[in-house]
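For reference, the chains in residue letters:
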Amino acid sequence: MTKTLAIRRPDDWHLHLRDGAMLRAVLPETARHFARAIIMPNLVPPVVTGSDAWAYRDRILKALPEGAAFEPLMTLYLTEDTDPADVAAAHASGLIRAVKLYPAGATTNSASGVRDFDKVRPVLERMAEIGLTLCVHGEVTDPSVDIFDREAVFIDRVLDPVRRATPGLRVVMEHITTKDGVDYVAGASDGLAATITTHHLVINRNHILVGGIHPHYYCLPVAKRESHRLALRAAATSGNSRFFLGTDSAPHIDPLKENACGCAGCFTATNTLSVLAEIFEQDGALDKLEGFVSLHGPAFYGLPLNETTVTLEKGDQVSYPTKIDTADGPVTVFDPGFPLHWRVVY
Ligand code: NCD
Ligand code: ZN
């Protein structure tokens, strides 16, 4: 018997599209299923000003396949030199939906991020006034903190103090990977939400390290132990509107992943909806999938729900390409390690 599930068209609240040949190759993978996405600004050089974001938005729109209806929701990369007036103007024009905070050195292309949080206080205060969301990469970079503890320590040392010092600031704690993150977000006052990636619902740290090193499961924040993965699964499938999908689909060509110093990032755009349907079904929570992928995000960002729908259909095993080709080289698609049966039908 075929099972089908029609849901409002999903959005992706954390996505890396890159630029140039990579952008042209990966954008269709997202635009096929998603109506909108929050576009990460960590290009080289980063998208720092309103004019950078206008130019990047144009390049994205030009790279869209014919007839695709996809809206990039732009962000600015917060630096210690960011001008509050430029941020406010980019917000007032409707160009940007968020500002992204990377602690300097936390992840791919984060060298221009923030070292001294006092320096960005005027920007954060302005954002709180105008209701503009801060998206946070929540890891400390202190070399003395173990990489598996960096998210939990960030909550105590940075996130909680910043939120207390800036009342009214709307914050998305991105790609949470720990029970600490889940508990902090679930227990906080209004104005805080979290995104959860597809891959962190599937893998724990054993997937990266057991039986040889698996570079395509390496991303930041790095996957944690199984109890944390289970906490993320419970949060995503709970129906709690503070948790929504941000795939953090982050393409790197294979030679840069399969390398003595491999890049962080899992590329999940191609099969994310199939993987999510499978795991929500495994957890007896298919009725919560639409909330997680299509309803909670727009509610937090104050945006309209998408009017169109997508239909998921369960049948024979579905296969996806193991790699997609780009003019720069191949990009490996995330392998969930279990068979998929849900396809998106048009
Ligand atoms: C991202 C990337 O490759 O740009 N990598 C990742 O592992 N998630 C950066 C990021 O979001 O941290
Ligand atoms: Zn990311």
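Rules behind the numbers
- Residues numbered from 1 in each chain as written.
- Chains lettered and ligands numbered in written order.
- Predicted model: local features only at pLDDT ≥ 70, side-chain atom pairs only at ≥ 80, totals over all residues.
- Heavy atoms only, no water.
- Patch = residues over 30% accessible without salt bridge, like charges linked within 9 Å, V, L, I, M, F, W, Y side chains within 5 Å.
- Areas by Shrake-Rupley, 256 points an atom, 1.4 Å probe, with all protein chains shown as cover.
- Salt bridge = Lys/Arg side-chain N within 4 Å of Asp/Glu carboxyl O.
- Lys, Arg positive; Asp, Glu negative; His and termini not counted.
- Charge placed at Lys NZ, Arg CZ, Asp CG, Glu CD.
- Helix = DSSP H or I, 4+ residues; strand = E, 2+ residues; numbered from the N terminus.
- Phe/Tyr/Trp six-rings, centres within 6.5 Å; stacked < 30°, edge-to-face > 60°.
- Buried < 20%, exposed > 50% of the residue type's maximum accessible area, 1.4 Å probe, protein only.
- Lys NZ or Arg CZ within 6 Å of the ring centre and 35° of its normal.
- Near = heavy atom within 4 Å.
- Polar contact = N/O pair within 3.5 Å; in protein donor to acceptor, adjacent residues only side chain to side chain.
- 1 Å grid on protein atoms, 1.4 Å probe; cavity = no way out; pocket = protein on both sides within 12 Å on 5 of 7 lines; lining within 4 Å.
- Sits in = over half its atoms within 2 Å of the grid points.
- Nonpolar A, V, L, I, M, F, W, Y, C, P; charged D, E, K, R; others polar.
- Donors = N, O, S within 2.8 Å, 3.2 Å for Na, K, Ca; no water.
- Tetrahedral: all angles 85-135°; square planar, octahedral: opposite > 155°, others 65-115°.
- Pairing = 2+ DSSP bridges.
- Axes fitted to C-alpha atoms, helices over the stretch in contact; angles between N-to-C directions.
- Contact = heavy atoms within 4.5 Å.
- Parallel < 35°, antiparallel > 145°, perpendicular 65-115°, else oblique.
- Left-handed = near helix turned anticlockwise from the far one by under 90°.

Novice: Account for a negative patch on the surface, naming residues and giving values.
Specialist: A surface patch of negative charge is lined by Asp 146, Asp 149, Asp 156 and Asp 180. Looking at the secondary structure, you find Asp 180 in helix H6 (residues 179-187).

Novice: Mind laying out the packing of aromatic side chains, listing which residues take part and the relevant values?
Specialist: One pair of aromatic rings is described through two measures. These are the centre distance and the angle between the planes. Under the counting rule described, the total for this entry stands at 7 aromatic pairs. Taking the centre distance of 5.7 Å and the plane angle of 70° together, the rings of Tyr 217 and Phe 334 count as edge-to-face. In this pair, Tyr 217 is assigned in the loop between helix H7 (205-209) and helix H8 (226-236) and Phe 334 in the loop between strand S12 (329-332) and strand S13 (340-345), connecting sequence segments 117 residues apart. For the pair Tyr 217 and Phe 334, one class covers both residues: buried. Taken together, a centroid distance of 5.6 Å and an interplanar angle of 35° make the contact between Phe 280 and Phe 292 tilted. Placement of Phe 280 in helix H10 (residues 272-282) and of Phe 292 in helix H11 (residues 286-301) is noted, with a sequence separation of 12 residues between them. A relative accessible area of 0% places Phe 280 in the buried class. One aromatic cluster is present, built from ring pairs that chain together Trp 13, Phe 244, Phe 300 and Tyr 301. Over the ring of Phe 300 we find Arg 170, and its NZ or CZ is 4.2 Å from the ring centre. The ring of Phe 148 has Arg 205 lying over it, and the distance from NZ or CZ to the ring centre is 4.6 Å.

Novice: Can you lay out the site of ligand 1 for me, pointing to particular residues and giving the numbers?
Specialist: In the vicinity of ligand 1, 15 residues are found, and the nearest of them are Asn 42, Thr 107, Leu 220, Asp 248 and His 252. Contact distances for ligand 1 include 3.0 Å between an oxygen atom and a side-chain N or O atom of His 16. One of the backbone nitrogen or oxygen atoms of Leu 220 is found 2.7 Å away from an oxygen atom of ligand 1. For ligand 1, whose free accessible area comes to 320 Å², the fraction covered by protein is 100%. Its atoms largely coinciding with the cavity grid, ligand 1 occupies the largest cavity. When its residues are assigned to classes, the shell around ligand 1 shows 4 nonpolar, 9 polar and 2 charged.

Novice: Give me the coordination of the zinc ion (ligand 2): which residues, what numbers.
Specialist: All of the protein donors around the zinc ion (ligand 2) are His 14 (NE2), His 16 (NE2) and Asp 248 (OD); their distances to the metal are 2.0 Å. Considering all 4 donor atoms around the zinc ion (ligand 2), the spread of angles at the metal, 91 to 140°, places the coordination shape in the irregular class. Positions of the donor residues of the zinc ion (ligand 2) along the chain correspond to the pattern H-x1-H-x231-D. For the pair His 14 and His 16, one class covers both residues: buried.

Novice: A description of the sheet that holds strand S3 (residues 36-39) should follow, citing residues and the corresponding values.
Specialist: One open sheet accounts for 8 strands, arranged S2-S3-S4-S5-S6-S7-S8-S9; its pairing is parallel. Both edges of this open sheet fall to strand S2 (11-15) and strand S9 (243-245), since each of them pairs with a single strand only. Each strand axis lies, on average, 30° off the axis of its neighbour in the sheet, ignoring direction. In terms of strand pairing, strand S5 (residues 96-101) meets strand S6 (residues 133-136) through 4 bridges, oriented parallel. For Val 99, the partnering residue across the bridge sits in S6 and is Leu 134. Contacting S6, strand S7 (171-173) and strand S8 (192-196), helix H5 (residues 150-165) runs over the sheet at an angle of about 180° to S7. Here H6 sits on the sheet and contacts S7, S8 and S9; the angle it forms with S8, its principal contact strand, is near 145°.

Novice: Can you break down the packing of H5 against H6 residue by residue, with the values?
Specialist: Axis separation between H5 and H6 bottoms out at 9 Å; the angle between their running directions is 25°. Regarding the angle of H5 to H6, the classification is roughly parallel. Note that H5 runs across H6; the crossing there is right-handed. In this structure, H5 contributes Glu 151, Ala 152, Ile 155, Leu 159, Asp 160 and Arg 163 to the contact, and H6 contributes Asp 180, Gly 181 and Tyr 184. In terms of residue class, the contact of H5 with H6 is built from 4 nonpolar, 1 polar and 4 charged.

No statement about biological role is implied by the geometric values presented.
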